[in-house]
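This is what each chain is made of:
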Amino acid sequence: GFYVQDDTSLSEAALALAPGGGSGEDLLLLFLAEDGAEWRDTVTEARLRGKKQVVILLGDNDDLAEEELRHVERLGCEKVRLGSVPLLASHCIVIAHHMLDFHIPPA
């Protein structure tokens, strides 16, 4: 799961990761989930155009707790998956960064 300290909610923690507090059209929030839409159909060059920050949330093999999932929904995160085979969370974030590099070259 996801542990948040100091009474910070998952929503607050996710938005804190985005420069400037991550507002509206500048920010793309993604939640990696096995039942999400295909990454290649959702995270496209057109979809990323104008975004200043992409924040990716993911859980571990136990998934997020119900309260955390409600925060994900309230944030408006888009549920995406990297493929049909479940992967370790540590591998998922590396793959997600690699896939983003195709559309947003590293500075």
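Reference entry: report on the structure contained in this document. A quick note: this is a predicted structure, and the numbers were derived from the prediction, not measured.

1. Some details on the side chain of Thr42
Secondary-structure assignment places Thr42 in helix H2 (residues 39–42). At 3.1 Å, the side chain of Thr42 and the backbone oxygen of Glu38 are in polar contact. Leave out the neighbours within four places in its chain, and Thr42 touches Ala37, Arg47, Glu78 and Val80.

2. Concerning helix H5 (residues 89–103)
Look at H5: 22 Å from first C-alpha to last across 15 residues, which is about the 21 Å you get at 1.5 Å a residue. Check the buried side of H5 and you find it contacts strand S1 (27–38), H2, helix H3 (45–48) and strand S2 (53–58).

3. Considerations on the sheet that holds strand S3 (residues 78–81)
Backbone-to-backbone hydrogen bonds pair the strands of a sheet. The strands run either parallel or antiparallel. Strands sit in the order S2-S1-S3 across an open sheet of three strands; the sheet is parallel. Edge positions in the sheet fall to S2 and S3, since each has one partner strand and no second. Shown here is a sheet whose adjacent strand axes are inclined to one another by a mean of 45 degrees, direction ignored. Bridge analysis of S1 against S2 gives six bridges, and the strand direction is parallel. Within S2, the residue paired with Phe31 across the bridge is Leu57. Docked against the sheet, H5 engages S1 and S2, running at close to 160 degrees with respect to S2.

The rules behind the values
- Residues numbered from 1 in each chain as written.
- Predicted model: local features only at pLDDT ≥ 70, side-chain atom pairs only at ≥ 80, totals over all residues.
- Heavy atoms only, no water.
- Helix = DSSP H or I, 4+ residues; strand = E, 2+ residues; numbered from the N terminus.
- Polar contact = N/O pair within 3.5 Å; in protein donor to acceptor, adjacent residues only side chain to side chain.
- Contact = heavy atoms within 4.5 Å.
- Expected span 1.5 Å × (residues − 1).
- Pairing = 2+ DSSP bridges.
- Axes fitted to C-alpha atoms, helices over the stretch in contact; angles between N-to-C directions.

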